[in-house]
Amino acid sequence: MEGIILFCLVLGLLFMGAPIGVSLGLSSIIIIAFFSTDSMSSVALQLFTASQNYTLLAIPFFILASSFMSTGGVAKRIIRFAIATVGHFRGGLAMASVLACMLFAALSGSSPATVVAIGSIAIVGMRQVGYTKDFAAGVIANAGTLGILIPPSIVMVVYAAATDVSVGRMFLAGVIPGIVAGLMLMIAIYVMARIKNLPAGEWQGISEFIAGGKDAGWGLFLIIIIIGGIYGGVFTPTEAAAVAAVYACGVALFIYRDMGPLKGMAWVAEDAPSHVRVGFMASVYAVSFYFVWLILSFFLARETSLEGRALMGLVPVAVILFGYPYKKGLRNPLAFLFGLSVWGRNLHLITTRFFPALVHEDTRKVFVDSSKTIIMLMFIIVNALLFAHVLTSERIPQIITEWMVGVGFNWFTFLIAVNLLLLLGGQFMEPSGLLLIVAPVVFPIGMALGVDPIHLGIIMVVNMEIGMITPPIGLNLFVTSGITGMSLIQVVKAAAPFVAVLFVFLIIVTYVPALSTWLPYTLMGPEIVHPR
């Protein structure tokens, strides 16, 4: 009876227009006050406990990193690299947009941020070369959903906090499904491009591929820092989020200089002699390679000590320092020293503008916008964890489990029911809020029926993806409508063919568990579920 009253209160408040956080929190307090044997002091205790959740601390930092990486310069560089990679295929610019969304998803962890950053540039580009606005909008709306499947994903952190599973395993579990989903969208685009005779770009050569990679390298290096740092044992997912936020801030303000007081200032002056440019680039490539090596060596040379790996990395660094200038025609073995003047000039600029950059108008805007999102999401999460406490204390998941087993449900039919529930709920609710309501209920049931906890998490995330592109509340539809000027109905029609692809992908993910579990369990071992 308490369970029925609880869900009726939540749904009633939602239909009355109450915010989801208020609906969850107020419903839980009413149940505790009037229907439960639990003490009201448990409300304060649960709210305090939720606010001290170490895993949830990752969310504000990932949101902040996403905000810094959402500057136009990072997206443009990623799109250039994506076009150089797949732009020469039939429908290549649309395929490049999907690849760009996949790469940006690995930086932002947010679906709407991916749609805005990539879509605002890619849709215009597709229109200029002959794609219809409907086709371009449909591609971006669907590809943007990869923002919550490819790690680092804010929705995965929410699921991990709600169910006490490993964030690291969830991140790894999203890698292969994210790549498969992106490839399925690209294949669908290629087939449609052949049918509609859409244009193919020209192969711009390996030099453009390398140049695009170098241009986007500082942004893409964040992927290596997060994934390599977590699974190399350097830091926890929460610490990785903090490092990502600091790194993204530094890249946006001082390296790419897309914002702040250094905006528009080139690292190398236009009138700098060629030998100075070559010397500077040699040192940049050497330093960049060394940092990448230190992270990747955790996987490539696990049994070697940190000091040994550091010394091993110095050999190719020396080759780059001496070999790159020689390749460019400078026969002086110390030609890389010519770049010291560039380093000196830029270190002076960074030092003198460091504190002004932190309080610059552009930086303040990023912090304010991020804070609004963080406060909204954390308020929902804290109240949702109180809701989960009420579910547990009233044994509601156990009652539902006993009923489902009694009427003949097994893991196969249970997953069908979960998909239908989430697909329906995803049409009306924001992903994190829906997941926080549903996960505490279905997780114990899934464990009782033998469903893998990491596999269940990926299934829920993929359902959240589809929910973001289905009316009436699909957030990606509204974002795409805003950047294209199309009506919501037009965007829904444009996205429909690609939504069908994601439905097929959902079936594959649901009934091929190895797609989600092979990588995390190979690298980190199986997930051990602790009773709540």
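Scroll up a little and you will see the structure.
From a predicted model like this one, the values you see are computed outputs, not experimental measurements.

Here is what the cut-offs are and how they apply
Residues numbered from 1 in each chain as written. Predicted model: local features only at pLDDT ≥ 70, side-chain atom pairs only at ≥ 80, totals over all residues. Heavy atoms only, no water. Helix = DSSP H or I, 4+ residues; strand = E, 2+ residues; numbered from the N terminus. Rg over C-alpha atoms; globule rule 2.2 N^0.38 Å. Buried < 20%, exposed > 50% of the residue type's maximum accessible area, 1.4 Å probe, protein only. Contact = heavy atoms within 4.5 Å. Areas by Shrake-Rupley, 256 points an atom, 1.4 Å probe, with all protein chains shown as cover. Lys, Arg positive; Asp, Glu negative; His and termini not counted. Charge placed at Lys NZ, Arg CZ, Asp CG, Glu CD. Expected span 1.5 Å × (residues − 1). Arc of directions from axis to C-beta. Salt bridge = Lys/Arg side-chain N within 4 Å of Asp/Glu carboxyl O. Axes fitted to C-alpha atoms, helices over the stretch in contact; angles between N-to-C directions. Parallel < 35°, antiparallel > 145°, perpendicular 65-115°, else oblique. Left-handed = near helix turned anticlockwise from the far one by under 90°. Nonpolar A, V, L, I, M, F, W, Y, C, P; charged D, E, K, R; others polar. Polar contact = N/O pair within 3.5 Å; in protein donor to acceptor, adjacent residues only side chain to side chain. Core = buried A, V, L, I, M, F, W, Y, C linked by side-chain atoms within 4.5 Å.

K.L.:
Any details on the overall build of the protein? Residues and values, ideally.
P.N.:
In terms of regular secondary structure, the protein is built from 24 helices and 0 strands. The globule rule puts the C-alpha radius of gyration for 532 residues at 24 Å, and the 25 Å found for the protein is close to it. For the protein, the C-alpha atoms occupy an extent of roughly 85 × 55 × 45 Å along the three principal directions. Taken across its 532 residues, the protein has 53% of its residues classed as buried. Counting only contacts in the protein whose residues sit at least 6 apart along the sequence, the fraction spanning at least 24 positions is 78%. As displayed, the protein offers around 22,900 Å² of accessible surface, 71% of which is attributable to carbon and sulfur atoms. With 26 positive and 22 negative side-chain charges, the protein shows a separation of 14 Å between the mean positions of the two kinds.

K.L.:
Now, about the environment of P152: what can you tell me, with residues and values included?
P.N.:
Topologically, P152 is positioned in the loop between α8 (133-143) and α9 (154-163). Along the sequence, P152 and L385 sit 233 residues apart, while their C-alpha atoms lie 22 Å from each other. Setting aside anything within four residues of it in sequence, one finds P152 in contact with F62, A105, A106, S108, G109, F171 and I226.

K.L.:
Before we move on, can you summarise helix α19 (residues 411-426) with the specific residues and values?
P.N.:
Counted at 1.5 Å a residue, the expected span for α19 with its 16 residues is 22 Å, and the 22 Å between its end C-alpha atoms agrees. Taken as a whole, α19 has its buried residues at F414, L415, V418, N419, L422, L423, G425 and G426. Projected down its long axis, α19 carries its buried residues within an arc of 165 degrees, all on one side. Facing away from the buried side of α19, by more than 90 degrees, are the exposed residues L420 and L424. Buried residues belonging to α19 abut α18 (396-406), α20 (431-448), α21 (453-467) and α23 (488-511).

K.L.:
Lay out the pattern of salt bridges with the relevant residues and their values.
P.N.:
A complete count under the given rule lists 5 salt bridges for this structure. With a closest N to O distance of 2.9 Å, E208 and R80 form a salt bridge. Taken as a pair, E208 in helix α12 (residues 205-231) and R80 in helix α5 (residues 72-86) lie far apart in primary sequence, 128 residues in all. Judged by its relative accessible area of 32%, R80 is partly exposed.

K.L.:
Explain the packing of helix α22 (residues 475-484) against α23 residue by residue, including any values.
P.N.:
Relative orientation of the contacting elements α22 and α23 amounts to 115 degrees, with a least axis distance of 9 Å. Relative to α23, the element α22 is oriented roughly perpendicular. Crossing of α22 over α23 shows right-handed handedness. Facing α22, whose interface residues are L477, F478, T480 and S481, α23 presents L488, V491, V492 and A495.

K.L.:
With reference to specific residues and values, describe the environment of I140.
P.N.:
Topologically, I140 is positioned in helix α8. Counting along the chain gives 130 residues from I140 to E270, while the straight-line C-alpha distance between them is 36 Å.

K.L.:
Any details on the packing of α18 against α20? Residues and values, ideally.
P.N.:
Interhelical geometry of α18 versus α20 gives an angle of 45 degrees and a closest axis separation of 9 Å. The pairing of α18 with α20 is recorded here as oblique in orientation. As for how α18 packs across α20, the hand of that crossing is right-handed. Between α18 and α20, the residues in contact are P397, I400, T401 and M404 and P440, V441, P444, I445 and A448, respectively. Of the residues belonging to the contact of α18 with α20, the class tally is 8 nonpolar, 1 polar and no charged.

K.L.:
Mind laying out the side chain of S283, listing which residues take part and the relevant values?
P.N.:
Among the structural elements, S283 can be located in helix α14 (residues 274-300). Engagement of the side chain of S283 in a polar contact is seen with the backbone oxygen of F280, the distance being 2.6 Å. Those residues in contact with S283, other than ones at most four positions away along the chain, are L321 and W343.

K.L.:
Please set out the nonpolar core residue by residue, giving values where relevant.
P.N.:
Membership of the largest hydrophobic core comes to 166 residues, with the highest contact counts inside it found for I59, I78, I118, F135, Y159, F414 and M460. Among the elements that make up this core, the one with the highest residue count is helix α6 (residues 92-108) (14 residues). Leave out the neighbours within four places in its chain, and I78 touches A100, L103, F104, L107, A216 and L220.

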